[in-house]
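Listed here are the chains, written in short residue letters.
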Amino acid sequence: MAKISGAEIFIESLKKENVEVLFGYPGGAVIPIYDKLYDAPFKNVLTRHEQGAIHAADGYARSTGKVGVCISTSGPGATNLVTGLATAYMDSVPMVAFSGQVSSSLLGKDAFQEADVRGITMPITKHNYLVTDVKDLARIIKEAFYIASSGRPGPVLIDLPVDITKELAEFEYPESIDLPGYNPEYNIDKDKLSEAAELINSSKKAVIFAGGGAISSGAGNVLEAFAKKSRIPVITSLMGLGAFPEDNELSLGMPGMHGCRSANYALTESDLIIAVGVRFDDRVTGKLDTFAPNAKVIHIDIDPAEISKNVDALIPLIGDAKEVLEGLSPLIKESKKEAWITQICEWKTNNPYKYDDDSNEIKPQYVIEELNRLTDGKAVIVTEVGQNQMWAAQYYNYSVPRNFLSSGGLGTMGYGLPAALGAQLGRKDDVVIDISGDGSFQMNVQELATIKNYNLPVKIIILNNSSLGMVRQWQELFFEKRYSSTILENPDFVKLAEAYGIYAARIEDAKELSKALEDALNHDGPVLMDIKVAQEENVFPMVPAGKGIQEMIGG
Ligand SMILES: Cc1ncc(C[n+]2csc(CCOP(=O)(O)OP(=O)(O)O)c2C)c(N)n1
């Protein structure tokens, strides 16, 4: 068999994995790979920063369910991937990231652009590799894609010394995988299923709490049927938005720090929580001692490490969320539970998200409501972090999975713009809207160039409050309005976008908003809207730090 170079093995392996798009940034340690990318059959997207590349791969992965792929050079290129890896790891996003590395003979010698990337990324990857022999490369790539996408998804890093990309080996892509010690498939425990069904059937005030795991397992339809049959209301975490349609009468929306009162009241009053692919993040539970004091917990999760990590589970059901729900469904009795449903409806009716819209200033919540109306709740919404993220979660109605992309676990400012461009490449026919704060936007603003170069019709909406709004909100409420380092003097975002060749407009008058948003959505190409919103607007309701989720203020 003819031998080919490591760089060619890289290309051939990605072809075998049906990679459609690779995001990356070149440098010395990956020049041999970039040479082969010059005429590779898949799309090779040059971002303007390695952090942009990895968030773009993440946005592509979250919006499509496929593995996102990115590449950087060694040293600073690789360390620029770190935030993106941690972001993907916290939110269980399937990704394979390649970092170039110095030549094998220079490893450990503080060579030019050497960084111990395996060491650095060990705690923020599902697995990582340093390739030491070109003969291992195809196998390692095969394993990496498998590990990234099986079980609980996550990012896998492959550190690839430059000499290996030049060495020759026969190329044979392995047919199967042999990974003793990694066993992501679980046989669902039948006894536990029966126990769980019994508990569900005898409960009076049960709630389903669905998260990111429900989305990554594709449990949507099964979850809907399960909720309908059992008449159990569904709460969706930030990561679970879209796992259950929010217009369904059984939907209670998002719980936690900025969730809706009805979801928090329901959790607090419930006698049973059926947790589906959630990790009971502290932003959800608030003060743990008072969280859902009367509830027993059935915890469905593919990752045994999640069971009783934060909240004790009476019955763990380890396995793929969709498969577990499929197993559970036939054991569930059709039930009325009308007293509980009536209570839920009352909470929902009496406690919608609300804001004062009596001023002349544009309210950020109104911007999201208008976007929801104009897109019929069907756009892919990508957010930054802060108030913009919470308003996007609260005021847009999510009805299908994979339409809300946001850095939930790590809370990474600078995620939105590159993730939106990745999502647009994965979902070519869909409207992709990046909802941004003026602070976050500037963290990866350079990706405007990538958006322009590939003419990606991303609609960028800056909720411009000239401040780091979420931090300013905390300073207002808990630090006597001492606005330390949170008021921003910004550049002219319209001129900035225009300098990148992107159509842009500024909106300062609420009366002009709807028409301007409509024009932006109809514009055939990328658009940036700089929307001047009320500076001192706060996200409510809010559970103050250290309080129980029933102790919400505002809203
Ligand atoms: C990389 C990073 N640095 C700092 C923070 C802390 N932080 C959380 S929200 C926030 C303010 C965000 O401001 P902006 O993007 O303008 O959004 P707004 O809250 O005003 O909508 C900050 C600084 C973070 N989440 N990520």
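Reading the values: the criteria
- Residues numbered from 1 in each chain as written.
- Predicted model: local features only at pLDDT ≥ 70, side-chain atom pairs only at ≥ 80, totals over all residues.
- Heavy atoms only, no water.
- Helix = DSSP H or I, 4+ residues; strand = E, 2+ residues; numbered from the N terminus.
- Rg over C-alpha atoms; globule rule 2.2 N^0.38 Å.
- Buried < 20%, exposed > 50% of the residue type's maximum accessible area, 1.4 Å probe, protein only.
- Contact = heavy atoms within 4.5 Å.
- Areas by Shrake-Rupley, 256 points an atom, 1.4 Å probe, with all protein chains shown as cover.
- Lys, Arg positive; Asp, Glu negative; His and termini not counted.
- Charge placed at Lys NZ, Arg CZ, Asp CG, Glu CD.
- Phe/Tyr/Trp six-rings, centres within 6.5 Å; stacked < 30°, edge-to-face > 60°.
- Near = heavy atom within 4 Å.
- Polar contact = N/O pair within 3.5 Å; in protein donor to acceptor, adjacent residues only side chain to side chain.
- Salt bridge = Lys/Arg side-chain N within 4 Å of Asp/Glu carboxyl O.
- 1 Å grid on protein atoms, 1.4 Å probe; cavity = no way out; pocket = protein on both sides within 12 Å on 5 of 7 lines; lining within 4 Å.
- Points joined across faces, edges and corners; volume = space filled by probe spheres on them.
- Nonpolar A, V, L, I, M, F, W, Y, C, P; charged D, E, K, R; others polar.
- Pairing = 2+ DSSP bridges.
- Patch = residues over 30% accessible without salt bridge, like charges linked within 9 Å, V, L, I, M, F, W, Y side chains within 5 Å.
- Axes fitted to C-alpha atoms, helices over the stretch in contact; angles between N-to-C directions.
- Parallel < 35°, antiparallel > 145°, perpendicular 65-115°, else oblique.
- Left-handed = near helix turned anticlockwise from the far one by under 90°.
- Core = buried A, V, L, I, M, F, W, Y, C linked by side-chain atoms within 4.5 Å.

Visitor: How would you sum up the overall build of the protein? Please name residues and give values.
Guide: Helix and strand content of the protein: 23 helices and 20 strands. Computed over C-alpha atoms, the radius of gyration of the protein comes to 24 Å, within 12% of the 24 Å expected from 2.2 N^0.38 for 555 residues, which places it in the range of a compact globule. Expressed as lengths along the three principal axes of its C-alpha atoms, the size of the protein is roughly 70 × 60 × 40 Å. Relative to its 555 residues, the protein shows a buried fraction of 57%. Taking contacts inside the protein between residues at least 6 apart in sequence as the whole, the part at least 24 apart equals 76%. A total of about 22,300 Å² of accessible surface is found on the protein, and carbon and sulfur atoms cover 48% of it. Side chains of the protein carry 52 positive and 74 negative charges; the gap between the two charge centres is 3 Å.

Visitor: Go over the packing of aromatic side chains, please, and point to the residues and values.
Guide: In this structure the tally under the stated criterion is 14 aromatic pairs. The interplanar angle of 65° and the centroid separation of 5.0 Å between the aromatic rings of tyrosine 398 and phenylalanine 404 together place this pair among those described as edge-to-face. Phenylalanine 404 shares its class with tyrosine 398; the two are buried. Each member of the aromatic cluster is reached from another via a ring pair, and the members are Phe209, Phe280 and Phe291.

Visitor: Could you give an account of the site of the ligand, with specific residues and numbers?
Guide: Within the structure, the ligand sits among 17 residues, and Gln387, Gly411, Gly439, Ser440 and Gly469 are positioned closest to it. Glutamine 387 is positioned with one of its backbone polar atoms (N or O) 2.8 Å from an oxygen atom of the ligand. Between an oxygen atom of the ligand and a main-chain N or O atom of glycine 469, the distance comes to 2.7 Å. Contact with the protein chains removes 76% of the 590 Å² of surface that the ligand exposes when unbound.

Visitor: Hey, could you go over the pattern of salt bridges for me, with residue numbers and the actual values?
Guide: Pairing between side chains of opposite charge can happen when their charged atoms approach one another. For the structure shown, the criterion picks out 25 salt bridges. Note that arginine 62 is salt-bridged to aspartate 91, the shortest N-O span being 3.0 Å. Within this pair, whereas arginine 62 is found in helix H3 (residues 50-64), its partner aspartate 91 is found in the loop between helix H5 (82-90) and strand S5 (95-101), the two being separated by 29 residues in sequence. Aspartate 91 matches arginine 62 in its accessibility class, with the two residues each being buried. The partner of glutamate 370 in a salt bridge is arginine 373, with the nearest N and O atoms 2.7 Å apart. You can see glutamate 370 and its partner arginine 373 sitting in helix H16 (residues 364-375), three residues apart, about one turn around the helix. A single network of salt bridges, built from pairs that share partners, joins Arg152, Asp303, Glu306 and Lys309.

Visitor: Which residues make up empty space enclosed by the protein, and what are the values?
Guide: Enumeration over the complete set of coordinates arrives at one cavity of 30 Å³ or more. In this structure, the largest cavity spans a volume of roughly 30 Å³. Arg261, Asn351, Pro352, Tyr353, Lys354, Pro541 and Gly555 are the residues that line the largest cavity. In the lining of the largest cavity, the residues fall into three nonpolar, two polar and two charged.

Visitor: Account for the sheet that holds strand S15 (residues 380-383), with residues named and values stated.
Guide: Strands sit in the order S16-S15-S17-S18-S20-S19 across an open sheet of six strands; the sheet is parallel. Each of the sheet's edge strands pairs with one partner strand only, and the pair in question is strand S16 (404-405) and strand S19 (503-507). Of the pairings in the sheet, the one linking S15 to S16 comprises two bridges and is parallel in character. Across the sheet, the residue bridging to valine 382 is leucine 405, located in S16.

Visitor: Describe in detail a negative patch on the surface, supporting the description with residues and values.
Guide: On the surface, Asp189, Asp191, Glu195 and Glu198 cluster together into a negatively charged patch. Here glutamate 198 is to be found in helix H9 (residues 190-202).

Visitor: Talk me through the sheet that holds strand S13 (residues 296-301); I want residue IDs and the actual numbers.
Guide: Ordered in space as S11-S10-S9-S12-S13-S14, the six strands form an open sheet in which the pairing is parallel. With partners counted over all chains shown, the strands left at the sheet margins are strand S11 (251-253) and strand S14 (315-318), one partner each. Along the sheet, successive strands turn relative to each other by an average axial angle of 20°, direction set aside. Bridge analysis of strand S10 (residues 234-236) against S11 gives two bridges, and the strand direction is parallel. What sits directly across from isoleucine 235, in S11, is glycine 253. Where helix H11 (residues 220-230) meets the sheet, it contacts strand S9 (206-210), S10 and strand S12 (272-276), and its direction lies at approximately 170° from that of S9. Along the sheet, helix H14 (residues 321-328) contacts S12, S13 and S14; its crossing angle with S13, the most-contacted strand, is approximately 125°.

Visitor: Describe the packing of H9 against H14, listing the residues and the values that go with them.
Guide: Two numbers describe how H9 lies on H14: the axes approach to 10 Å, and their chain directions differ by 65°. Taken together, the axis directions place H9 and H14 in an arrangement best described as roughly perpendicular. Here H9 runs over H14; the crossing is right-handed. Between H9 and H14, the residues in contact are Leu193, Ala196, Ala197 and Ile200 and Val324, Gly327 and Leu328, respectively. Residue classes in the contact of H9 with H14 are distributed as six nonpolar, one polar and no charged.

Visitor: Report on the nonpolar core, specifying residues and quantitative values.
Guide: Of all hydrophobic cores here, the largest spans 47 residues; its most connected members are Phe23, Cys70, Val382, Phe441, Ile451, Ile460 and Leu528. With sequence-adjacent residues up to four places away left out, isoleucine 451 is seen in contact with Leu417, Leu421, Leu456, Val458, Ile460, Ile502 and Pro526. Counting residues in each nonpolar core, the second largest holds 36 residues, with Ile33, Ala40, Phe98 and Val156 among its members.

Visitor: Kindly report on unusual backbone geometry, identifying the contributing residues and their values.
Guide: Here the amide bond leading from phenylalanine 540 into proline 541 is cis, since omega sits at -5°, within 30 degrees of zero. Along the polypeptide, proline 541 turns up in the segment after strand S20 (527-532). Here the phi dihedral of serine 92 falls at roughly 55°; this positive angle occurs in a residue that is not glycine. Structurally, serine 92 can be placed in the loop between H5 and S5. For arginine 231, which is not glycine, the phi dihedral falls at a positive 55°. Within the element layout of this structure, arginine 231 appears in the loop between H11 and S10.

Visitor: How would you summarise the packing of H16 against helix H17 (residues 387-395) if you had to cite specific residues and measurements?
Guide: Where H16 meets H17, the axes come as close as 9 Å, and the angle between the chain directions of the two elements is 45°. On the basis of their axis angle, the class for H16 and H17 is oblique. Crossing of H16 over H17 shows right-handed handedness. On the side of H16, the interface is formed by Pro364, Gln365, Ile368, Glu369 and Asn372, while H17 contributes Trp391, Ala392 and Tyr395. Taken together, the residues of the contact of H16 with H17 break down into five nonpolar, two polar and one charged.

On their own, these measurements won't tell you what the molecule is for.
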